Amino acid sequence: MPPPVFRFAPSPNGYLHLGHAFSALLNFDLARQNGGQFLLRIEDIDSARCRPEYEAAIYEDLAWLGLAWEQPVRRQSEHLALYADALARLTGQGLVYPAFESRAEIARLVAEKGTAGPWPRDPDGTPLYPGVDRLLSAAERAEKIASGAPYALRLDMAAACARAGDLTWDEHGAGPDGETGTLVAQPQEWGDVILARKDTPTSYHLSVVIDDALQGVSHVVRGQDLFHATSVHRLLQHLLDLPAPSYRHHRLIRDGAGRKLSKSDDATGIRELRAAGAGPQDIRRIVGLSS
Ligand code: GLU
């Protein structure tokens, strides 16, 4: 058996907080305990929100916490052509279509369609895409594209699920409702997810499965907020012939009021805690990890 490979994959769109520290330390500890590798991956596909100073701060904060990672660090923004190749494969399978609506148009469609009862929402609480552009003819699509209308690329979820059949994953942690063991993926709960955004030629879901496979990640250890996304990841892994890592979704660190931490909350920022005199062992203790 090759040594296990773990990774911490932050987005440099803010400073790290206690939740990130917990996730990074847990991955690092597991890699060390199991004779494995610990990778750091910078998920910076969102050029509008990611900033070099946040990336620099990630390296600085993780090193201060006592972590060391393999080199080179993979930065997703340097691999857009690879994600485009994967997208082309899915398009070739007839599973991807362009969707031209603006956010406001989608909201209006959802409001119209939702008059008969509440419109279904995805596990993150966002209304499902009402799917009207899936019904455009090839000629209508070509005409809109030729006119220069911007579009996102969406997965035809029903067609993708029909092709994939039932999929499962091995959950070694737990979902928000305690789900653990061999779990059945429910990608249909997400509707026609975006695979490439209007402003970015890829998406979180697409890049994460490609990079995990390419980097040989055997163990995905991440927060419970990404538990449901695993269903989409399993589906994409299947469609792209990628191996399935094992998954461990961990508890989230919450603030005093029980809320999920946010990158803009100074009270739980690693830099703020450091400036206030905390040491790396204090951070471990606060997040409930032994040294
Ligand atoms: N980049 C994602 C985030 O910052 C995490 C991706 C993952 O662990 O799968 O939340």
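Residues numbered from 1 in each chain as written. Predicted model: local features only at pLDDT ≥ 70, side-chain atom pairs only at ≥ 80, totals over all residues. Heavy atoms only, no water.

Draft legend 1. The arrangement of the side chain of E171 in detail. With respect to the secondary-structure elements, E171 resides in strand β6 (residues 168–171). Within the structure, E171 has its side chain in polar contact with the backbone nitrogen of G173 (distance 2.9 Å). (Helix = DSSP H or I, 4+ residues; strand = E, 2+ residues; numbered from the N terminus. Polar contact = N/O pair within 3.5 Å; in protein donor to acceptor, adjacent residues only side chain to side chain.)

Draft legend 2. Representation of the pairing of strand β1 (residues 5–8) in the model. Here β1 shows no split at all, with V5 and R7 on one side and F6 and F8 on the other all buried. Bridge count between β1 and strand β2 (residues 37–42): four bridges; the pairing is parallel. Directly across from V5, in β2, lies its bridge partner Q37. Traced from β1 through helix α1 (residues 18–33) to β2, the parallel crossover comes out right-handed. (Buried < 20%, exposed > 50% of the residue type's maximum accessible area, 1.4 Å probe, protein only. Pairing = 2+ DSSP bridges. Right-handed = clockwise from strand over helix to strand, strands pointing away.)

Draft legend 3. A look at the packing of helix α6 (residues 157–164) against helix α8 (residues 229–239). Here α6 crosses α8 at 65°, and the two axes come no closer than 10 Å. Crossing of α6 over α8 shows left-handed handedness. Judged by residue contacts, M157, A160, C161, R163 and A164 of α6 engage L235, H238 and L239 from α8. Of the residues in the contact of α6 with α8, the class split is six nonpolar, one polar and one charged. (Axes fitted to C-alpha atoms, helices over the stretch in contact; angles between N-to-C directions. Left-handed = near helix turned anticlockwise from the far one by under 90°. Contact = heavy atoms within 4.5 Å. Nonpolar A, V, L, I, M, F, W, Y, C, P; charged D, E, K, R; others polar.)

Draft legend 4. View of helix α4 (residues 103–113). By the burial criterion, the buried members of α4 are I106, L109 and V110. Across the axial projection of α4, the buried residues extend over an arc of 100°, all falling on one side. In α4, those exposed residues whose orientation departs by more than 90 degrees from the buried face are A104 and A111. On the buried face of α4, the contacting elements are β5 (152–155). (Arc of directions from axis to C-beta.)

Draft legend 5. Quick peek at the sheet that holds strand β8 (residues 194–196). Spatially, the three strands line up as an open sheet ordered β4-β5-β8, and their pairing is antiparallel. One side of each edge strand has no neighbouring strand; the edge strands of this open sheet are β4 (96–99) and β8. If you compare each strand with its neighbour and ignore which way they point, the axes differ by 45° on average. One ladder, built from four bridges, connects β4 with β5; its direction is antiparallel. When the sheet's bridge partners are listed, P98 is paired in β5 with L153.

Draft legend 6. Geometry of the site of the ligand. Around the ligand, the surrounding shell consists of R7, A9, P10, S11, E43, Y204, V208, R222 and L226. In this structure, R7 approaches the ligand through a side-chain N or O atom, which is 2.7 Å from an oxygen atom. Within the side chain of Y204, one N or O atom sits 2.8 Å away from an oxygen atom of the ligand. Relative to its unbound accessible surface of 300 Å², the ligand loses 80% to contact with the protein. Here the shell around the ligand is composed, by residue class, of five nonpolar, one polar and three charged. (Near = heavy atom within 4 Å. Areas by Shrake-Rupley, 256 points an atom, 1.4 Å probe, with all protein chains shown as cover.)

Draft legend 7. The pairing of β6, seen in detail. The alternating pattern of β6 places W169 and E171 on a buried face and T168 and D170 on a face that is not buried. As paired strands, β6 and strand β7 (residues 181–184) are joined by four bridges and run antiparallel to one another. Its bridge partner being in β7, D170 is matched across the sheet by T182.

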